[in-house]
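The residues making up each chain are set out below.
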Amino acid sequence: MSSTAGAPLQPVHSIATHSANPTSTSLWSRLSAFISEHKVVVYTVGAVVVVATAGGIYYISQSAPGDDESAKEKKSKKDRRKKDVKDSAEAQADKVPGDSRKACSSSLDNSLPEVDENSVESLTVEQRNSYAAKLKAAGNRAYGNHDYSRAIELYSQALLCKRDPIFFSNRSACYNALGDWTKVVDDTTTALSMDPEYVKALNRRANAFEQLKMYSEALLDYTASCIIDGFRNEASAQSVERLLKKVAEAKGKAMLEEKPKKLPSPTFVSNYLQSFRPRPFPSGLEDGILLDEASGDYHLQRGLEAVKRKTADAYEEAGLAFEQAMELGTSHEATALNWRGTFKYLRGESASALEDLSRSIELDPSMTQSYIKRASMSLELGDRDAAAADFQAAIDHNSEDPDIYYHRAQLHFICGEFADAAKDYQKSIELDRDFIFSHIQLGVTQYKMGSIASSMATFRRCIKNFDKVPDVYNYYGELLLDQQKYQEAIEKFDLAIEMEKQTKPMGMNVLPLINKALALFQWKQDFSEAEKLCERALLLDPDCDIAVATMAQLLLQQGKVHRALEYFERAAALSRTEAEIVNALSYAEATRTQLQVQEKYPQLASKLQGMAGLGGR
Ligand SMILES: *[C@@H]1O[C@H](CO)[C@@H](O)[C@H](O)[C@H]1NC(C)=O
């Protein structure tokens, strides 16, 4: 086997992965776990913390709401409820039996002033204020009585007497009850123009925006409401999360449709391709054999040669060569289809990749690699059963192929079935002791199962038997980092970086650089060194989504919010799957929205500063 092979390994920190792709180092699970484990402040607008979890992003307050606060809130809620009951009791009392409601209210309204645009002109300020109060009270009674159109009339008259934001907000409650969302937006917007921190109006407008499917607007309002409220309102916080998901999903879908289909970073491609043991070239196409340049076979051979070079350019060349091989026709059609499909899959063209693999299997059912690749595509599309069926079919054709067990183990790993995963890694090792990645991944699995001692023993054995493979040091380092053995972890990352540089100067795997950045940040809060490492990784592999996302988080930590936002958006653009795009966009949207709130509500800055003083970072 090649000693320089890199392979798709599951990250140590991997929690529930969004992507079902068993062979990608899932960026987002790494970062999410990194954040939730270390409880770092991702974006500090005062006390605001965005914590990513497997399920999404939560805003929580650093200054934990004390018990007395929530008690206060409960009390005020109770008071409100009492008042509501009283209001509706009054409204009930208004109903005189035997009378029609209309007659009833008009008889009662006898004590009420009737106001219109003209008559209001002749009233004094005192009169206007007192009329407004009476009309509003009557409006509240009508509202309590579910007579919304009457309530709207009364609030409108109250507004003629006095333009009070409360009356606009009151009237919007009626439109809200009637489902007239546009009018809700109009009234709450007017109320908010008079009192920008009117939380009730803000929440009501947010809901109306959401009903109108104006998700970004709703998100902005809910976020502002949370900040004004000091993140004490659980419902608003949940709304932020819900809207964040909706906005990110909608944008992610659009992004995916417009996204040019291109290969991901060479780090990703190498990791995927090298999870399969190298196979000899098909007969007649061996390295060095000269072929007719106009033949498909020539292009197939060129593609296979390019794959071995492992650089971004070489992968581009390989992708094109496989397309050409298929266009010109080749004597190894099943192989050409397998490779064309593989590159389509890498470019994110899942459906047509799946077709190529299926045709390849029809032409040559004995190529177990095709089943395995098709299984990884099915998994990414969320079809676990199809993946399982393909693994079984592969075993039926060649039960001695270690690749099958390695990849099935990856599936178990992703699903959190660590005992099954360990069994399959062991089976793969039994069949081929020389494939380093089964050993590494077994060590990581043991670690996840809590068998720290056997995991460490596995890694020490790996170092003994594969002392020239950088990945061993990289993943060993990750486990050490997880145990907060920073010094040792960084030593391992340094070794991995050195070996990567020496063995693959052109197509170096940048993960050890990023891991070292995380370690330095976690250990010493050394932002500048961590940033430098990420920059170095990006110089070597500009499309590396993990490097971009790590950079975004580092910038956020330092309050460099605008730049962080740029990096989050770049990370989304670089992501391959919809789930990863949505995840990146959730961060981007959370960041963008909070920036917008800051710009829109400059007066909140001091409030947030005060909160920051309490909560700290
Ligand atoms: C009208 O506003 C007052 C004051 O905010 C509030 O107590 C009352 O519940 C509101 N009524 C409606 C229908 O929103």
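Predicted model, so just to flag it, every value in this text is computed and none were measured.

Attention now goes to the overall build of the protein. Each helix and strand in the protein was counted, giving 29 helices and 2 strands. The 617 residues of the protein split such that 54% are buried. Across the protein, contacts joining residues at least 24 apart in sequence account for 60% of those joining residues at least 6 apart. On the protein, roughly 26700 Å² of surface is accessible, and the fraction owed to carbon and sulfur atoms is 52%.

With that settled, the discussion passes to helix α19 (residues 418-431). Here α19 spans 20 Å end to end across 14 residues, near enough to the 20 Å set by a 1.5 Å rise per residue. Among the residues making up α19, those that are buried are F418, A421, A422, D424, Y425, S428 and I429. Within α19, the buried residues cover an arc of 165° as seen down the axis, which keeps them to one side. For α19, the exposed residues set more than 90 degrees away from the buried face come down to K423 and E430.

So, about the pattern of salt bridges. Pairing between side chains becomes possible if they bear opposite charge and their charged atoms approach one another. Tallied over the full model, the rule gives 32 salt bridges. The partner of R279 in a salt bridge is D403, and the shortest N-O contact between them spans 2.6 Å. A residue pair is termed long-range when its members are at least 10 positions apart, and R279 in the loop between α11 (266-273) and α12 (296-309) and D403 in helix α18 (residues 402-414) qualify at 124 residues. On the accessibility criterion, D403 (0% relative accessible area) is buried. What you see here is one network of salt bridges that share partners, running through R277, R279, D401, D403 and D432.

Take helix α14 (residues 333-347) next. The first and last C-alpha atoms of α14 sit 21 Å apart over 15 residues, in line with the 21 Å expected at 1.5 Å per residue. Summarising burial for α14: 14 of the 15 residues are buried, a large majority. Immediately downstream of α14, the backbone of G348 shows phi near 90°, a positive value.

The next thing to look at is the UniProt feature "repeat: TPR" (unreviewed entry) in the protein. Per the UniProt annotation, the sites labelled "repeat: TPR" (unreviewed entry) are residues 334-367, 402-435 and 470-503. Across residues 470-503, the secondary structure splits into 91% helix and 0% strand, with the terminal C-alpha atoms separated by 9 Å.

Before going further, it helps to spend a moment on the packing of aromatic side chains. Applying the stated criterion across every chain, the model contains 14 aromatic pairs. By the ring-pair criterion, three or more aromatic residues cluster together here, those being Y406, Y425, F435 and F437. The lysine or arginine in question, R277, covers the ring of F435, its NZ or CZ lying 4.0 Å from the ring centre. One Lys or Arg, K524, reaches over the ring of W523 and ends 4.3 Å from the middle of that ring.

Turning to the environment of A138, a few remarks are in order. Mapped onto the elements of the fold, A138 is located in helix α4 (residues 125-144). Distance from A138 to L112, taken between C-alpha atoms, is 8.3 Å for residues 26 residues apart in sequence. When near neighbours in sequence (up to four residues on either side) are disregarded, A138 contacts L112 and L154.

Right, let's talk about the packing of helix α17 (residues 384-397) against α18 for a bit. Relative to each other, α17 and α18 sit at 160°, their axes nearing to 10 Å. Relative to α18, the element α17 lies roughly antiparallel. Note that α17 runs across α18; the crossing there is left-handed. Here R384, A387, F391, Q392, A394 and I395 of α17 come into contact with α18, specifically with I404, Y405, H407, R408, L411 and H412.

Within the secondary structure layout, L431 lies in helix α19. For L431, a relative accessible area of 28% puts it in the partly exposed group. Sequence-distant contacts of L431, that is, excluding residues within four places in its chain, are made with S399, E400, D401, P402 and Y405.

Around the ligand, the structure places K136, N140, Y143, Y155, I166, N170 and A173. Within the contact set of the ligand, a nitrogen atom lies 3.2 Å away from a side-chain nitrogen or oxygen of N140. Interatomic distance of 2.5 Å between a side-chain N/O atom of N170 and an oxygen atom of the ligand. Considered on its own, the ligand offers 360 Å² of accessible surface; in the complex 77% of this is hidden by protein. When residues of the shell around the ligand are traced back to their parent elements, those giving at least two are α4 and α6 (165-178). Broken down by class, the residue content of the shell around the ligand amounts to 4 nonpolar, 2 polar and 1 charged.

Judged by nonpolar contacts, the single largest core of 75 residues is most densely connected at I436, I440, F459, V472 and I514. Among the elements that make up this core, the one with the highest residue count is helix α26 (residues 545-557) (9 residues). Excluding its chain neighbours within four sequence positions, the residues that come into contact with F459 are I440, G443, V444, V472, Y475, Y476 and L479. V115, V184, Y222 and A224 belong to the second largest nonpolar core, which has 49 residues in total.

With that out of the way, let us pick up the side chain of S265. Looking at where S265 falls in the secondary structure, it is placed in the loop between α10 (234-258) and α11. Residue contacts for S265: discarding those within four places in its chain leaves D541, D543 and C544.

With that settled, consider the environment of D116. Summarising the element assignment, D116 is placed in the loop between α3 (101-108) and α4. Given the relative accessible area of 37%, D116 is considered partly exposed. For D116 and Q157, which are 41 residues apart along the polypeptide, the C-alpha to C-alpha distance reads 6.7 Å. From its side chain, D116 meets the backbone nitrogen of N118 in a polar contact 3.0 Å long. A polar side-chain atom of D116 sits 2.8 Å from the main-chain amide nitrogen of S119.

With phi around 60°, K213 is a residue other than glycine that occupies positive phi space. If you trace the backbone, K213 turns up in the loop between α8 (199-211) and α9 (215-228).

One can describe the packing of α6 onto helix α7 (residues 181-194) by two numbers: an axis separation of 8 Å at closest approach and a directional angle of 165°. On the basis of the axis angle, α6 is roughly antiparallel to α7. Crossing of α6 over α7 shows left-handed handedness. Residue-level inspection shows P165, F168, S169, R171, S172, Y175 and N176 of α6 in contact with α7, the latter providing W181, K183, V184, D187, T188, T190, A191 and M194.

Rules used in this analysis
Residues numbered from 1 in each chain as written. Predicted model: local features only at pLDDT ≥ 70, side-chain atom pairs only at ≥ 80, totals over all residues. Heavy atoms only, no water. Helix = DSSP H or I, 4+ residues; strand = E, 2+ residues; numbered from the N terminus. Buried < 20%, exposed > 50% of the residue type's maximum accessible area, 1.4 Å probe, protein only. Contact = heavy atoms within 4.5 Å. Areas by Shrake-Rupley, 256 points an atom, 1.4 Å probe, with all protein chains shown as cover. Expected span 1.5 Å × (residues − 1). Arc of directions from axis to C-beta. Salt bridge = Lys/Arg side-chain N within 4 Å of Asp/Glu carboxyl O. UniProt positions renumbered as here; feature names shortened; annotations may be inferred. Phe/Tyr/Trp six-rings, centres within 6.5 Å; stacked < 30°, edge-to-face > 60°. Lys NZ or Arg CZ within 6 Å of the ring centre and 35° of its normal. Axes fitted to C-alpha atoms, helices over the stretch in contact; angles between N-to-C directions. Parallel < 35°, antiparallel > 145°, perpendicular 65-115°, else oblique. Left-handed = near helix turned anticlockwise from the far one by under 90°. Near = heavy atom within 4 Å. Polar contact = N/O pair within 3.5 Å; in protein donor to acceptor, adjacent residues only side chain to side chain. Nonpolar A, V, L, I, M, F, W, Y, C, P; charged D, E, K, R; others polar. Core = buried A, V, L, I, M, F, W, Y, C linked by side-chain atoms within 4.5 Å.

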